[in-house]
Amino acid sequence: VRNSREFPGMQSTLFVEIPKGVKVECRKRQVRVTGPRGVLSRDFSHAALDMRVLKGSRRVEVATWFGRKAAVATVRTVCSHIENMITGVTKGWVYKMRLVYAHYKIDYAITEEGDEISIMNFVGAKNVPVVKMPAGVKVIRDEAKDTLRLEGTDLEAVSQAAAAIQQSTRVPHKDTRKFLDGIYVSEKTHLSIDE
């Protein structure tokens, strides 16, 4: 077996550090991350990669062999997804959204469970769009005026919920440079900030 120093590009490998208090399991390219805020799992079987948790060290190895440009880029993408899962189960994710309006004040109602939001009086319209949150995402009223908070452990679920809320207030056939009414993401942060 020839080593990869003689053939650069033969193997592309990246590592993800596992912090204390977090458990990562890799089996058949399915990753399960367990931490203080819950459990997240994701299936990477579509990517032609080798994935394993190294014994004796707290690291996940993601590698591809004889990969071309797209396959090598997939290694970094998968590592970023695993890092986001680790951050989600340790710190959690928060998206803050601001209500922007010029004339008609946008009003909203949130269910007690925080799994649904109804947007009322958007540009004076009588219809009430209702946006349901994905599993594991909670919407709450923020202390600041005209601000929402979306909280959860799964980054993709939180960002998808924010996109659904923003799309529910989109007005067609208007110049978005001039017509700014809507609900937009203003800040992305964590539930607990240690550092």
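Up top is the structure.
Our subject in this report is the structure included herewith. (Residues numbered from 1 in each chain as written. Predicted model: local features only at pLDDT ≥ 70, side-chain atom pairs only at ≥ 80, totals over all residues. Heavy atoms only, no water.)

1. Describing the sheet that holds strand S10 (residues 130-132)
Rules: Note: two strands are recorded as paired if DSSP finds a minimum of 2 bridges between them. Starting at the N terminus, helices and strands are each numbered in turn, a helix being any DSSP run of H or I of at least four residues and a strand any DSSP run of E of at least two. To obtain each axis, a line is fitted to C-alpha atoms, and for helices this fit is confined to the stretch in contact; angles are then taken between N-to-C directions over 0 to 180 degrees.
Ordered by their spatial adjacency, three strands build an open sheet running S8-S9-S10, and the pairing between neighbours is antiparallel. For this open sheet the edge positions go to strand S8 (107-110) and S10, each flanked by a neighbour on one side alone. Taking each pair of neighbouring strands and ignoring which way they run, the sheet shows an average axis angle of 20°. For S8 and strand S9 (residues 116-120), the ladder comprises four bridges, and the chain directions are antiparallel. When the bridges of S9 are listed, Asp107 appears paired with Met120.

2. Describing the nonpolar core
Cut-off, in case you're wondering: We call a set of buried residues a nonpolar core when its members are Ala, Val, Leu, Ile, Met, Phe, Trp, Tyr or Cys and they connect through side-chain atoms within 4.5 Å of each other. When accessible area is computed with a 1.4 Å probe and restricted to protein chains, residues below 20% of their type maximum are described as buried, those above 50% as exposed, and intermediate ones as partly exposed.
Judged by nonpolar contacts, the single largest core of 22 residues is most densely connected at Met97, Ile117, Met133, Leu148, Leu150, Ile165 and Ile183. Looking at this core, the elements with two or more residues in it are strand S7 (93-100), S9, strand S11 (137-141), strand S12 (147-152) and helix H2 (155-168). Ranked by size, the runner-up nonpolar core spans 20 residues in total, among them Val33, Phe44, Val75 and Ile86.

3. Details of unusual backbone geometry
Positive phi is not limited to glycine here, since Asn121 has a value of about 60°. For Asn121, the position within the fold is in the loop between S9 and S10. Judged by relative accessible area, Asn121 falls into the partly exposed class, the value being 32%. The backbone phi angle of His173 is positive, close to 65°, even though this residue is not glycine. Within the secondary structure layout, His173 lies in the loop between H2 and strand S13 (182-189).

4. Overview of the environment of Arg98
We apply this condition: For this analysis, a polar contact is any N or O atom pair within 3.5 Å, provided that within protein one partner can donate a hydrogen and the other can accept it, and provided that sequence-adjacent residues contribute only side-chain to side-chain pairs.
Checked against the element boundaries, Arg98 lands in strand S7. Sequence separation of Arg98 and Val130 is 32 residues, and the distance between their C-alpha atoms is 17 Å. Of the polar contacts made by the side chain of Arg98, one reaches the backbone oxygen of Asp146; its length is 3.5 Å.

5. Things to note about the layout of surface pockets
Convention followed: The way it works is a 1 Å grid over only the protein atoms, where trapped points that fit a 1.4 Å probe form a cavity and open points with protein on both sides within 12 Å along at least five of seven lines form a pocket, and then any residue with an atom within 4 Å of a point lines it. Grid points are joined across faces, edges and corners, and a volume is the space filled by probe spheres set on the points. All residues other than Ala, Val, Leu, Ile, Met, Phe, Trp, Tyr, Cys, Pro, Asp, Glu, Lys and Arg, Gly among them, are scored as polar; the first ten of these are nonpolar and the last four charged.
Put simply, the largest pocket is a space of about 170 Å³. Taken together, 13 residues line the largest pocket, and the ones lying closest to its centre are Thr169, Arg170, Val171, Thr176 and Tyr184. The set of elements that each furnish at least two residues to the lining of the largest pocket consists of H2 and S13. When residues of the lining of the largest pocket are assigned to their parent elements, the largest contribution, three residues, is made by S13. Partitioning the lining of the largest pocket into residue classes produces five nonpolar, five polar and three charged.

6. A short note on the pattern of salt bridges
Convention followed: Whenever a carboxyl oxygen of Asp or Glu lies within 4 Å of a side-chain nitrogen of Lys or Arg, that contact is scored as a salt bridge.
Within this structure, the stated rule accounts for 11 salt bridges. Residues Arg149 and Asp142 are paired through a salt bridge, measuring 3.9 Å at the closest nitrogen-oxygen approach. Taking the relative accessible area as the measure of exposure, Arg149 reaches 16% and is therefore buried. Through salt bridges with shared partners, a single ionic network connects Lys105, Lys145 and Asp146.

7. Focus on the sheet that holds strand S6 (residues 59-65)
If you walk across this open sheet you meet the three strands as S1-S6-S5, and the pairing is antiparallel. Strands at the two margins of the open sheet, each flanked by one partner only, are strand S1 (11-17) and strand S5 (50-53). Strand-to-strand twist in this sheet, taken as the mean axis angle between neighbours without regard to direction, amounts to 15°. Bridge count between S5 and S6: four bridges; the pairing is antiparallel. Looking at S6, one finds that Arg52 is bridged to Glu61.

It is worth stressing that arrangement in space is one thing and function is another; only the former is reported here.
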